[in-house]
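Architecture at a glance
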Amino acid sequence: MTIKMRNALQHTLAQEEAIDQALGRRLKHLRLSTEMSVTEFAIRSGLPPDELADHERGLLPIPLSRTPILCEALGVSLHKLVGTAVRAHRRMK
């Protein structure tokens, strides 16, 4: 792997991590705005509370297949969850 390719890969991975963190912050903001606990969120989504907490902290990426489940549990659209997080990430650049 060339230095240029390695640098490009590192940049891409850093961007992915930043988006994961922005999405996690948005997830937590939406949950807190409804005054929902992590335990209640876990019950509504059917996902383990420790995984949800890791998603919120940006430690565990949110699989695309899970976003509809999370949105339904929060009562929000996919755009409200993902679109806002991506726009926030772009502003932080």
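This text goes with the structure placed above it.
If you're wondering where the values come from, they're calculated on a predicted model, not measured in any experiment. (Residues numbered from 1 in each chain as written. Predicted model: local features only at pLDDT ≥ 70, side-chain atom pairs only at ≥ 80, totals over all residues. Heavy atoms only, no water.)

What follows concerns the side chain of His55. Locating His55 in the fold gives a position in helix 3 (residues 49-56). When sequence neighbours within four positions are dropped, the list of residues in contact with His55 reads Gly24, Leu27, Leu60, Pro61, Ile62, Pro63 and Arg66. (Helix = DSSP H or I, 4+ residues; strand = E, 2+ residues; numbered from the N terminus. Contact = heavy atoms within 4.5 Å.)

All right, on to the nonpolar core then. Counting residues in hydrophobic clusters, the biggest one holds 15 residues, and the most contacted among them are Leu27, Phe41, Leu52, Leu70, Leu74 and Leu81. Among residues more than four places away in sequence, those in contact with Leu81 are Leu23, Arg26, Leu27, Leu30 and Cys71. (Core = buried A, V, L, I, M, F, W, Y, C linked by side-chain atoms within 4.5 Å. Buried < 20%, exposed > 50% of the residue type's maximum accessible area, 1.4 Å probe, protein only.)

The subject of this paragraph is helix 4 (residues 67-74). Every buried residue of helix 4 is accounted for by Thr67, Leu70, Cys71, Ala73 and Leu74. All buried residues of helix 4 fall inside an arc of 165° around its axis, so they share one side. Set apart from the buried face of helix 4 by more than 90 degrees, the exposed residues are Pro68 and Glu72. Gly75 sits one or two positions beyond helix 4 and adopts a positive phi of about 75°. (Arc of directions from axis to C-beta.)

Turning next to unusual backbone geometry. The residue Glu35 is not glycine, and still its phi comes out positive at about 55°. When you line up the elements, Glu35 lands in the loop between helix 1 (3-33) and helix 2 (38-45).

We now examine the packing of helix 2 against helix 4. Interaxial distance between helix 2 and helix 4 falls to 9 Å at its minimum, and their mutual angle equals 120°. Between helix 2 and helix 4, the angle falls in the class oblique. Considering only the axes of helix 2 and helix 4, their crossing is right-handed. Here Phe41, Arg44 and Ser45 of helix 2 lie close against helix 4, whose contacting residues are Ile69, Leu70, Ala73 and Leu74. (Axes fitted to C-alpha atoms, helices over the stretch in contact; angles between N-to-C directions. Parallel < 35°, antiparallel > 145°, perpendicular 65-115°, else oblique. Left-handed = near helix turned anticlockwise from the far one by under 90°.)

Moving on to the packing of helix 2 against helix 3. Axis separation between helix 2 and helix 3 bottoms out at 9 Å; the angle between their running directions is 110°. Taken together, the axis directions place helix 2 and helix 3 in an arrangement best described as roughly perpendicular. Helix 2 and helix 3 meet at a crossing whose hand is right-handed. Contacts between helix 2 and helix 3 involve Val38, Phe41, Ala42 and Ser45 on the former and, on the latter, Pro49, Leu52 and Glu56. Across the contact of helix 2 with helix 3, the residue classes tally to five nonpolar, one polar and one charged. (Nonpolar A, V, L, I, M, F, W, Y, C, P; charged D, E, K, R; others polar.)

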